[in-house]
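# Remarks on the overall topology
Here are the chains, one letter per residue:
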Amino acid sequence: MKVLHKGLAANFFSLSLVQVANSVLPIITFPIVARIIGPDKFGAISFAGAAVTYFTLLINYGFDLSSTRTIAKNRDNATVRDRVFSEVLFAKIFLLSISAILFLITLFTIPQFANEKKLLAFTFLSCFGAVITPNWFYQGMQELYRVAIFNFVSKLLFTISILFVIREQKDYLLQPLILSISSIVVVKKSFCSMPVGRVKALKPLGHSGQRRLQLVVGSNEIETGYPHCIVLPSSL
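Figured I'd write up the structure that's included with this text. Please read these numbers as outputs of a predicted model, since none were measured by experiment. (Residues numbered from 1 in each chain as written. Predicted model: local features only at pLDDT ≥ 70, side-chain atom pairs only at ≥ 80, totals over all residues. Heavy atoms only, no water.)

### Observations regarding the overall build of the protein chain
A tally of helices and strands in the protein chain yields eleven helices and zero strands. Split into buried and exposed, the 236 residues of the protein chain put 42% on the buried side. Counting contacts in the protein chain only where the partners sit at least 6 residues apart, residues at least 24 apart contribute 82% of the total. For the protein chain, the exposed area adds up to about 13100 Å²; of that, 68% sits on carbon and sulfur atoms. (Helix = DSSP H or I, 4+ residues; strand = E, 2+ residues; numbered from the N terminus. Buried < 20%, exposed > 50% of the residue type's maximum accessible area, 1.4 Å probe, protein only. Contact = heavy atoms within 4.5 Å. Areas by Shrake-Rupley, 256 points an atom, 1.4 Å probe, with all protein chains shown as cover.)

Here you go:
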């Protein structure tokens, strides 16, 4: 019972830390950035962020729900953990490739995108972080404190960088660049900090035929995550 209460307390603290990072820190940077770069450029940043969100949704594909649930049900099953982790990782790489192609097409065909190529490109870099983030795995393992720590560090790093870097209107391009880089750096650290022996990525070359194809494109997890993928955008 004490272990259960300790776990609940840790999860509560972790979620509280995430809320602080997501709610309080942006309040610090929002008025400063808006005043320096002006409403036009701030609107352009918001537009770029909203546009790239659709590509992020495609890459995440509902894995945060479907795969997290699978991991939670098989926390002590190393075979299932390795399979799900590998398929989600390769599925996200596959979906990133599709997203990159679609992004390049829209970047050069839609006038609103063509006018802010650098801004959108810097914003799109955050999609690479979405590929390797292991937050869904930590959630399934009920290790929310890891998610909270890395989330807080990412937001804090971004906030400090913005306060020192954004000095004039032309620096507006640095805002999405700093956000993307800080997210990728922290997510990479989170990925590399996964406990040794907890999970390992399966190598596609170690399999043959249909199984290799399933692993490379993560088709099993894509099929599982599909219902969640089509629900998430409609809830925004």
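### Focus: the pattern of salt bridges
A side chain with one charge may pair with a side chain of the opposite charge, provided their charged atoms come close. Tallying each qualifying case throughout the model produces three salt bridges. One salt bridge in this structure joins E116 and K41, with 3.8 Å as the shortest N-O distance. Within this pair, whereas E116 is found in the loop between α4 (111–114) and α5 (117–124), its partner K41 is found in helix α1 (residues 2–60), the two being separated by 75 residues in sequence. A relative accessible area of 24% means that K41 is categorised as partly exposed. R83 is the salt-bridge partner of E87, the closest N and O atoms lying 3.6 Å from each other. Taken together, the positions of E87 and R83, both in helix α3 (residues 78–109) and four residues apart, correspond to about one turn of that helix. On the accessibility criterion, R83 (27% relative accessible area) is partly exposed. (Salt bridge = Lys/Arg side-chain N within 4 Å of Asp/Glu carboxyl O.)

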